[in-house]
Amino acid sequence: MRAIEPDIEGYIVRDGMKIGYEVFGSGEPAVFLTPPWSIAHSLMWKAQVAYLARYHRVITADPLGNGRSDRCTDPAAYTHDALIADTLSVMDAAEVERAVLVGHCTQAWRCVMTAARHPERVIGVVAIEPNPAALTPPLPARAVYSHTEELDTDEGWAKDNWHYWKRDYQGFLEFFFGELLVEPHSTKQFEDCVGWGLETSPEVLMATETAPNPPDTAADIAAIAGRVQCPVLVISCENNRCVPMERGLKLAELLGAEVLTMHGAGHLAMAREPVAVNHAIRSFAARFATAPAQRRWGRPLDRPRRALFLCSPIGLGHARRDLAIAARLRELRPDLRIDWLAQSPVSAVAAARGERIHPASRWLATESAHIEAEAGEHDLRVFDAVRRMDEILVNNFMVFDDVVRADPYDLVVADEGWEVDGLLHENPELKRSAYAWLTDFVGWLPMPDGGDREAALTADYNAEMLANIERLPRIRDRAIFVGDPDDIVPDTFGPGLPSIRDWTTAHYDFAGYVTGFTPPADREALRAELGYKPDERVCLVTVGGSGVGHHLLRRVVAAYPAVARVVPGLRMVVVTGPRIDPATVPAPRGVDVVGYLPELYRHLAACDVAVVQGGLTTTMELTALRRPFVYVPIRNHFEQNLHVRHRLRRHGAGHCVEYEHTDPDRLAAALAQEIDRPVDYRPVGEDGARRAAALLAELL
């Protein structure tokens, strides 16, 4: 799922060939993120589009040969003249007279050429790793091997050879992008790039490289640079294994351009270091805006004390506990003002409690919808889903960064705000306040069905997190685990990595579990208040705050006749939550289907048995309320199957049933067994919110 959808999608047609383009946003000046080499397409800019579109009209286009554009193997279609003409044609189609052009590698050099030839159309140029080849010799590692002659080796850059491309195109792509993405832990960007490369062919790439352009000399390049009238920013990366860094620096000197040198970055900085690149493009383009920027400053001692809460929208458990913590925090700091940077369903729940939702929340890209789109039938490879949410997470970090840049906060609290935690560690200079991290699990763990690939990727993600914390301990002023040390799984972070429990105990404070409520003192009075008869037995069915559980709801409803046979007179109440329409769950007599219940814990306390997913919040609420329950973990959801299941085993709570075993007869047997089972759970503490708030208050 994308962080933002285009306002306009279209094609230009050149010599019968279609070239796809998209337009986002409406601000001035326009920014054209120009097409890359045909080995990739416009999604190369996915980490830039949503952020820039909040301020500018943003245009992207797929290169001829990839993406939505036609595949073409005619070298004459890829000349500088033809591709520059395409740039102008896309601008015409998007009704943009003048724009800031942003380009990468050889296309960055074409952006400079466009500015020289058509100064009336180009306001400025951002050239990322520009590649006017004649300015410097190639890198020594690339100069060793012929690009076109058949070689007797496939070692290293010998793979960048047309004959090898034809023999093993994927092997070339994997080598090539491995050289371009030199930064550690670049697995997602690497997979993206190889996937984009597989959308075209060696023949297309060969055509791009044999375009009949006149040979450039250093003098030609200098002459072109001398005709450029607009400002230029050159972004140059020190760890570039594809193009000599000196090439871009020499071009910058010829242009009199500004230079941003990125230490440690490889050739694809827009993908691997998106926050820094986003800021560079935005800062450059903002100077051409018609309306001057407005800033605000206040004397620190005159500012009110303020906290910003960031709450994961995947489910509602984070919202419930954060609201409870916020209430306790206000008791300790009565002068504290709390803002919530939140999206649905968290924003609706917090607003209903009278909380202030920051207006910038409207710019957040939806994480819940992405997770739901990734799910199958009660099946969610949540680790892969989060990895594929990278575009959304970058956008949401940029929203957060704009908020704290514009308005100072004393404290930021991120409850599983993965984007903020990860990207603050990658961009530590952007930390502006005390920062606290909350979570109820530590460690990405592989599911058995994921095989060696998932085991390697989860270990890599864990290793990156461990390295970040070791290198930059000052980012997290406090890390709070919502639970106790024994709630942590007894696994390791991966081969050669430390024990999760030992590491977490050394790096976290422990608040205990946060339920956000006090168990009702009189259960019978509560049942009467909720309309349950004294002698009726009630089964509550709920799947939390996301839309992932609708398959389970339908299965349980379908099993009701079998359940009613073994538990006579059972009344079933099905709670669909905020993201599932109750009308989509047809119910027989004896089953009530309701939507979102803001105080679900009261209904959980009143029921005789429950059927739920394997999410932590609802299962721990049932544990705290000492109610019998059956839980059905989402398949391939590592948190529910490993972290939550470990915690429930520790508490001796619940009866786990695999989704495959939720046919009517087996589900009925499980409910009949559970409803009469004596409850002897390990107690759940009631002071978790107070303890968490006390830890946060120290930061104020």
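Described below are features of the structure shown in this document. Not measured: the values here are computed from a predicted model.

**Section: the sheet that holds strand β21 (residues 655-656)**
Next up, step 1: The sheet built from six strands is open, its strands ordered β18-β17-β16-β19-β20-β21 with parallel pairing. Every other strand in the sheet has two partners, leaving β18 (591-594) and β21 as the edge strands with one partner each.
Next up, step 2: Running over the sheet, helix α25 (residues 616-625) touches β16 (538-542), β19 (609-613) and β20 (629-632) and is turned about 155° from β19.
Next up, step 3: Across the sheet, helix α26 (residues 638-651) lies against β19, β20 and β21, angled at about 160° from β20, the strand it touches most.

**Side note on the packing of aromatic side chains**
Next up, step 1: Throughout the structure, instances matching the rule amount to 26 aromatic pairs.
Next up, step 2: Taking 5.0 Å as the distance between ring centres and 65° as the angle between the ring planes, the aromatic pair formed by Trp418 and Trp437 counts as edge-to-face. Of this pair, Trp418 sits in helix α18 (residues 418-426) while Trp437 is found in strand β13 (residues 434-439), placing the two residues 19 residues apart along the sequence.
Next up, step 3: The exposure class of Trp437 is buried, given its relative accessible area of 1%.
Next up, step 4: Centre to centre, the rings of Phe629 and Tyr631 are 6.0 Å apart; their planes meet at 45°, and the pair counts as tilted.
Next up, step 5: Judged by its relative accessible area of 0%, Phe629 is buried.
Next up, step 6: By relative accessible area, Tyr631 is classed as buried at 4%.

**Considering the sheet that holds strand β14 (residues 478-481)**
Next up, step 1: Read across the sheet, seven strands follow the order β11-β10-β9-β12-β13-β14-β15 without closing on themselves; strand pairing throughout is parallel. With partners counted over all chains shown, the strands left at the sheet margins are β11 (356-357) and β15 (509-510), one partner each.
Next up, step 2: Note: β14 against β15, two bridges, orientation parallel. Bridge pairing links Ile480 to Asp509 in β15.
Next up, step 3: Of the strands in this sheet, β9 (306-311), β10 (337-341), β12 (411-415) and β13 are in contact with helix α13 (residues 317-332), which crosses β9 at around 165°.
Next up, step 4: Packed onto the sheet, helix α28 (residues 688-697) meets β9, β12, β13, β14 and β15 and runs at close to 175° relative to β14.

**A few points about the packing of helix α1 (residues 46-53) against helix α12 (residues 274-286)**
Next up, step 1: Their axes nearest at 10 Å, the elements α1 and α12 cross at an angle of 45°. Between α1 and α12, the angle falls in the class oblique. Seen along the crossing, α1 lies across α12 with a hand that is right-handed. On α12, the residues touching Ala47, Gln48, Tyr51 and Leu52 of α1 are Pro274, Val277, Asn278, His279, Ile281 and Arg282.
Next up, step 2: Of the residues assigned to the contact of α1 with α12, the class counts are six nonpolar, three polar and one charged.

**Let's talk about the pairing of strand β7 (residues 232-237)**
A regular strand places its side chains so that they alternate between the two faces of the sheet.
Next up, step 1: Counting buried residues in β7 gives six out of six residues, a clear majority hidden from the surface.
Next up, step 2: Because side chains alternate across β7, one face comprises the buried residues Val232, Val234 and Ser236, and the other comprises Leu233, Ile235 and Cys237, equally buried.
Next up, step 3: Both strand β6 (residues 122-128) and β7 contribute to a ladder of four bridges, which runs parallel. Within β7, the residue paired with Ala127 across the bridge is Val234.
Next up, step 4: Viewed along the sheet, the connection from β7 through helix α10 (residues 245-255) into strand β8 (residues 258-262) turns out right-handed.

**Quick look at the state of the cysteines**
Next up, step 1: Evaluated as defined, the whole model comprises zero disulfides.
Next up, step 2: There is no disulfide at Cys111, and the cysteine sulfur nearest it, in Cys230, is 10.0 Å away.
Next up, step 3: Cysteine Cys193 remains unbridged, with the sulfur of Cys242 as its closest cysteine sulfur at 12 Å.
Next up, step 4: We classify Cys193 as buried; its relative accessible area is 5%.

**Considerations on α18**
Next up, step 1: Within α18, burial applies to Glu419, Val420, Asp421, Leu423, Leu424 and His425.
Next up, step 2: Residues of α18 that are buried sit in contact with α12, β9, α15 (367-374), α17 (390-406), β13 and α19 (451-471).

**Things to note about the environment of Glu129**
Next up, step 1: Looking at where Glu129 falls in the secondary structure, it is placed in the loop between β6 and α4 (140-143).
Next up, step 2: Distance from Glu129 to Ala559, taken between C-alpha atoms, is 61 Å for residues 430 residues apart in sequence.
Next up, step 3: With residues near it in sequence (within four places) discarded, Glu129 still touches Cys105, Ile235, Ser236, Cys237, Asn240, Val243 and His267.
Next up, step 4: There is a polar contact of 2.3 Å between the side chain of Glu129 and the side chain of Asn240.

**Examining the pattern of salt bridges**
Next up, step 1: By the definition in use, this model includes 57 salt bridges.
Next up, step 2: Its salt-bridge partner being Arg121, residue Glu97 comes within 3.9 Å of it at the nearest N-O pair. Placement of Glu97 in the loop between α2 (80-93) and β5 (99-104) and of Arg121 in the loop between α3 (106-117) and β6 is noted, with a sequence separation of 24 residues between them.
Next up, step 3: Among the salt bridges present, the one from Arg571 reaches Glu536, with a minimum N-O distance of 3.0 Å. Of this pair, Arg571 sits in strand β17 (residues 571-575) while Glu536 sits in the loop between α21 (523-530) and β16; the two residues are 35 residues apart in sequence, bridging distant segments of the chain.
Next up, step 4: A relative accessible area of 14% places Glu536 in the buried class.
Next up, step 5: The network of salt bridges with shared partners includes Arg306, Arg337, Asp339, Arg356 and Asp407.

**Thoughts on the side chain of His80**
Next up, step 1: Position of His80 relative to the elements: it lies in helix α2.
Next up, step 2: Taking relative accessible area as the criterion, His80 reaches 12% and is therefore assigned buried.
Next up, step 3: In this structure His80 touches Arg110, Met113, Asn213 and Asp216, once residues within four positions along its chain are discounted.

**A closer look at the environment of Ser146**
Next up, step 1: Along the chain, the position of Ser146 falls in the loop between α4 and α5 (162-167).
Next up, step 2: Taking relative accessible area as the criterion, Ser146 reaches 22% and is therefore assigned partly exposed.
Next up, step 3: Placed 15 residues apart in sequence, Ser146 and Asn161 show a C-alpha to C-alpha distance of 6.9 Å.
Next up, step 4: Other than its neighbours up to four places away in sequence, Ser146 contacts Leu151, Asp160 and Asn161.
Next up, step 5: In this structure the side chain of Ser146 is engaged in a polar contact, spanning 3.2 Å, whose partner is the backbone nitrogen of Thr148.

Cut-offs used in this document
- Residues numbered from 1 in each chain as written.
- Predicted model: local features only at pLDDT ≥ 70, side-chain atom pairs only at ≥ 80, totals over all residues.
- Heavy atoms only, no water.
- Pairing = 2+ DSSP bridges.
- Helix = DSSP H or I, 4+ residues; strand = E, 2+ residues; numbered from the N terminus.
- Contact = heavy atoms within 4.5 Å.
- Axes fitted to C-alpha atoms, helices over the stretch in contact; angles between N-to-C directions.
- Phe/Tyr/Trp six-rings, centres within 6.5 Å; stacked < 30°, edge-to-face > 60°.
- Buried < 20%, exposed > 50% of the residue type's maximum accessible area, 1.4 Å probe, protein only.
- Parallel < 35°, antiparallel > 145°, perpendicular 65-115°, else oblique.
- Left-handed = near helix turned anticlockwise from the far one by under 90°.
- Nonpolar A, V, L, I, M, F, W, Y, C, P; charged D, E, K, R; others polar.
- Right-handed = clockwise from strand over helix to strand, strands pointing away.
- Disulfide = S-S within 2.5 Å.
- Polar contact = N/O pair within 3.5 Å; in protein donor to acceptor, adjacent residues only side chain to side chain.
- Salt bridge = Lys/Arg side-chain N within 4 Å of Asp/Glu carboxyl O.

By themselves, these observations are geometric and do not establish any function.
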